[in-house]
Amino acid sequence: MLFIRQGIEHAPFVKRESIGGFIMEFVKKGNSFVYEVDGQLLGEITYAFVKDNVIDVNHTYVSETLRGQGIAKKLVDTVVAYAKEEQLKIIPTCPYVVALFEKDDVYQEIMFKQ
């Protein structure tokens, strides 16, 4: 995982991932990370702040042309890496994210526990 701050402090986060030898960039836009090619949205994960240090990861989208290639998991891992870097906890409400968090114990440390 590689987060890059684009030039100046408070610039957007960009995470680069290699999938099948192809480099994808997941760019933070507002309360989401997106994967776009030529202005077309191909992947997205969104979140909302519910407390100062807690985010609700509420939606994941991957274009039909890219489904089944692990991109949704890469999007989840991107928002998890961002949350760790920003010292945030996650409440998963997107069904895909809920299932992933329940399936893999690696996400337990980042999950918000009331």
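Please read all numbers here as calculations on a predicted model, not as lab measurements.

Before going further, it helps to spend a moment on the pattern of salt bridges. As enumerated under the stated definition, the model contains 3 salt bridges in all. Lys 73 is the partner of Asp 77 in a salt bridge, and the nearest nitrogen-oxygen pair spans 2.9 Å. Remark: Lys 73 and Asp 77 occur in helix H1 (residues 71–85); sequence separation between them is 4 residues, near one turn of the helix. For Lys 73, a relative accessible area of 33% corresponds to the partly exposed category. For Lys 84, the salt bridge goes to Glu 109, with nearest N and O atoms at 3.5 Å. One end of the pair, Lys 84, is in helix H1; the other, Glu 109, is in the segment after helix H2 (95–103), and 25 residues separate them in sequence.

With that settled, consider the nonpolar core. In this structure, Ile 45, Ile 55, Val 57, Val 76, Ile 90 and Phe 101 are the most contacted members of the largest nonpolar core, which totals 28 residues. No other element matches the 8 residues that H1 contributes to this core. Ignoring any residue separated from it by four or fewer positions in sequence, one finds Ile 90 in contact with Ile 55, Val 57, Val 79, Val 80, Ala 83, Phe 101, Ile 110, Met 111 and Phe 112.

To continue, consider the pairing of strand E7 (residues 89–92). Side chains on a regular strand alternate between the two faces of the sheet. Burial along E7 is one-sided: the face carrying Ile 90 and Pro 92 is buried and the face carrying Lys 89 and Ile 91 is not. Examined bridge by bridge, strand E6 (residues 54–62) and E7 share 4 bridges and lie parallel to one another. Paired with Val 57 across the two strands is Pro 92, which belongs to E7. The handedness of the E6 to E7 crossover, carried by H1, is right-handed.

Taking 1.5 Å of rise per residue, the 15 residues of H1 would be expected to cover 21 Å, and the 21 Å separating its terminal C-alpha atoms lies within 8% of that figure. Burial within H1 is extensive, with 11 of its 15 residues counted as buried. Turning to H1, its buried residues are Ile 71, Ala 72, Leu 75, Val 76, Asp 77, Thr 78, Val 79, Val 80, Ala 81, Tyr 82 and Ala 83. Remark: Gln 87 follows H1 within two positions and exhibits a positive phi of approximately 60 degrees.

The rules we used
Residues numbered from 1 in each chain as written. Predicted model: local features only at pLDDT ≥ 70, side-chain atom pairs only at ≥ 80, totals over all residues. Heavy atoms only, no water. Salt bridge = Lys/Arg side-chain N within 4 Å of Asp/Glu carboxyl O. Helix = DSSP H or I, 4+ residues; strand = E, 2+ residues; numbered from the N terminus. Buried < 20%, exposed > 50% of the residue type's maximum accessible area, 1.4 Å probe, protein only. Core = buried A, V, L, I, M, F, W, Y, C linked by side-chain atoms within 4.5 Å. Contact = heavy atoms within 4.5 Å. Pairing = 2+ DSSP bridges. Right-handed = clockwise from strand over helix to strand, strands pointing away. Expected span 1.5 Å × (residues − 1).

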